[in-house]
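As a plain string of letters, each chain reads:
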Amino acid sequence: MTNSLPEMAEIWQQTLNWQPTAQQQEQFQRLYELILEGNRQLNLTRITDPEEFWEKHLWDSLRGIAPQGQFISSLQEGASVIDIGTGAGFPGIPVKIAAPNCTITLMDSTRKKITFIEQTLTELALTNAKTLVGRAEEIGQQPEHRQAYDIALIRAVGTASVCAEYTLPLLKQGGLAIIYRGNWTEDETTALQNAVKQLGGVIELIEKFTTPLSESIRHCVYLRKVATTPVQFPRATGIPTQKPL
Ligand code: SAM
């Protein structure tokens, strides 16, 4: 018997000015159960305690789409979203549960993780949700994905400059990249500024916040695409990490 996730209605309200419906709460609970089951065969996550799962996977995923504590309105208006290096589905699956009108593409280079996600999407009855196996370096050069998305999410995939090179080519002009980070330094801002300039983006906001239960420090970096990304980006597989911009 799996533990129940806490509801945390007051915290949702206070921090994100939002509360899950009964159906969304059930979907969060079922997602938690499926991840615990999937963990028996796949190394999906080390976070299995219900409160920790709520904070580090659910709340953290949704905090990123709520800069300054308000959900991005285009998400409820059918925005197209891609989650790069989604792993077990974070932040993409909680985002799709909270914003069911968006279209989401969950992408990862590991086939096994995407197979798990496909089963999870079916179990949760989430529609307008696609999956993609591949590397960001290759997918960013494919005409059907390049400049195709309104919002690109990326958590725990690489340094901010690498994340910028993975996300910005996939965005339409005017689109938003959301990079989820733990700690952040001024040196990272300087490196990222240099990278985004080459990629056709600008840093719109770097937001620092603390998580509501363990009071851990987090940052979200919001990049706006303001110009076409030059064709040489993203560079070939492995180059963005070996030679960051
Ligand atoms: N985003 C999830 C989260 O925050 O829980 C998973 C993070 S996990 C540490 C990193 C994931 O990114 C792995 O599932 C890995 O397969 C994927 N990944 C790493 N580099 C990638 C790339 N270049 N393109 C696509 N996926 C990548």
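Rules used throughout
The residue count restarts for each chain, going from 1 along the sequence in the order it is written. Note on the predicted model: pLDDT of at least 70 is required for a residue's local features to be given, and 80 or more for side-chain atom pairs to be given and counted; whole-chain, interface and lining totals, by contrast, use all residues. UniProt positions are given in the numbering used here, feature names are shortened, and annotations may be inferred rather than shown by experiment. Think of a nonpolar core as buried Ala, Val, Leu, Ile, Met, Phe, Trp, Tyr and Cys residues, each tied to the set through C-beta atoms within 7 Å. To sort residues by burial, count the other C-beta atoms lying within 10 Å of each one's C-beta; a count of 20 or more means buried, 12 or fewer means exposed, and anything in between means partly exposed. C-beta atoms are built from the backbone. Numbering of helices and strands runs from the N terminus; a helix is a DSSP stretch of H or I covering at least four residues, while a strand is a stretch of E covering at least two. We call two residues in contact when the distance between their C-beta atoms, placed using the backbone, is within 7 Å. In this text, near has one meaning. A residue is near a molecule or strand if its C-beta atom, placed using the backbone, is within 6 Å of it. Three classes are used, and their members are as follows: Ala, Val, Leu, Ile, Met, Phe, Trp, Tyr, Cys and Pro are nonpolar, Asp, Glu, Lys and Arg are charged, and the others, Gly among them, are polar. On a scale of 0 to 100, pLDDT captures the predictor's confidence in every residue. Pairing between strands is defined by DSSP: at least two bridges between the two strands are required. A fitted line through C-alpha atoms represents every axis, and for helices the fit uses only the stretch in contact; the resulting angles, taken between N-to-C directions, go from 0 to 180 degrees. Relative orientations are named as follows: roughly parallel for angles under 35 degrees, roughly antiparallel for angles over 145 degrees, roughly perpendicular for angles from 65 to 115 degrees, and oblique for any other angle. Crossings are sorted by hand: turned counterclockwise from the far helix by less than a right angle, the near helix makes the crossing left-handed, and turned clockwise it makes it right-handed. Between the first and last residue of a helix there are one fewer steps than residues, each counted as 1.5 Å, and that sum is the expected span. The angle between axes fitted to the seven-residue stretch ending at a residue and the seven-residue stretch beginning at it gives the bend at that residue.

Taking an unreviewed UniProt entry as the reference, the chain is identified by name as Ribosomal RNA small subunit methyltransferase G belonging to Nostoc paludosum FACHB-159. Under the UniProt heading Sequence similarities (unreviewed entry), the entry covering the chain gives this text: "Belongs to the methyltransferase superfamily. RNA methyltransferase RsmG family." Note on the chain: under the UniProt heading Function (unreviewed entry), the record states "Specifically methylates the N7 position of a guanine in 16S rRNA."

1. Focus on the nonpolar core
Within the largest apolar cluster, 64 residues are counted, with the highest numbers of intra-cluster contacts made by V81, A152, I154, A164, A177, I178 and I179. Here this core takes six residues from strand β5 (residues 171-181), the largest share from any one element. With near-sequence residues (within four places) excluded, A164 lies in contact with A177, L192, A195, V196, L199, G201 and L223.

2. Observations regarding the site of the ligand
Taken together, the neighbourhood of the ligand is formed by 16 residues, with G85, G87, S109, A136 and R155 sitting nearest. The residue inventory of the shell around the ligand, partitioned by class, reads six nonpolar, five polar and five charged.

3. Observations concerning the confidence of the model for the chain
Do not read the fine detail of predicted coordinates wherever pLDDT is low. When pLDDT is averaged along the chain, the result is 97; 99% of the residues meet or exceed 70. On the interface metric, ipTM, the complex scores 0.99, and its pTM is 0.98.

4. A word on the sheet that holds strand β7 (residues 217-225)
With mixed pairing, seven strands are arranged side by side in an open sheet as β3-β2-β1-β4-β5-β7-β6. The open sheet has two free edges, formed respectively by β3 (129-133) and β6 (201-210), since each of these has just one partner strand. When strand polarity is set aside, the average angle formed by the axes of neighbouring strands in this sheet is 20°. Here strand β2 (residues 103-108) runs beside β3; their pairing, made up of five bridges, is parallel. In the sheet register, T105 faces β3, and the bridge partner there is K130.

5. Here we look at the packing of helix α2 (residues 22-38) against helix α5 (residues 111-123)
At their nearest, the axes of α2 and α5 sit 11 Å apart, and the two run at 150° to each other. By the angle between their directions, the pair α2 and α5 is classed as roughly antiparallel. Seen from above, α2 lies across α5 with right-handed handedness. Within the contact between the two elements, α2 uses R30, L31, L34 and G38 and α5 uses F116, T120 and E123.

6. Details of helix α3 (residues 50-64)
If you check α3, its first and last C-alpha atoms are 20 Å apart, about what 15 residues at 1.5 Å a residue would give, namely 21 Å. At L58, α3 shows its maximal kink, close to 25°. Judged by how many residues are buried, α3 sits mostly within the fold: twelve of 15 residues are covered. By the burial criterion, the buried members of α3 are F53, W54, E55, K56, H57, L58, W59, D60, S61, L62, R63 and G64.

7. Structural notes on unusual backbone geometry
Each neighbour pair has its own omega, and for F90 with P91 the value is 0°, a cis peptide bond. Secondary-structure assignment places P91 in the loop between β1 (80-84) and α4 (92-98). That bond from F233 to P234 is cis: its omega, -5°, falls within 30 degrees of zero. Note that P234 resides in the loop between β7 and α9 (239-242). Backbone geometry at M8 places phi at a positive 60°, although glycine is not the residue there.

8. Some thoughts on the UniProt feature "binding site: S-adenosyl-L-methionine" (unreviewed entry) in the chain
The positions UniProt marks with the feature "binding site: S-adenosyl-L-methionine" (unreviewed entry) are G85, F90, D108, S109, T110, A136, E137 and R155. Structurally, G85 is set in the loop between β1 and α4. The exposure class of G85 is buried, given the 22 C-beta atoms found within 10 Å. Excluding residues that lie within four positions of it along the chain, G85 makes contacts with D108, I154 and V157. Topologically, S109 is positioned in the loop between β2 and α5. Not counting residues within four places of it along the chain, the set of residues in contact with S109 comprises G134 and R135.

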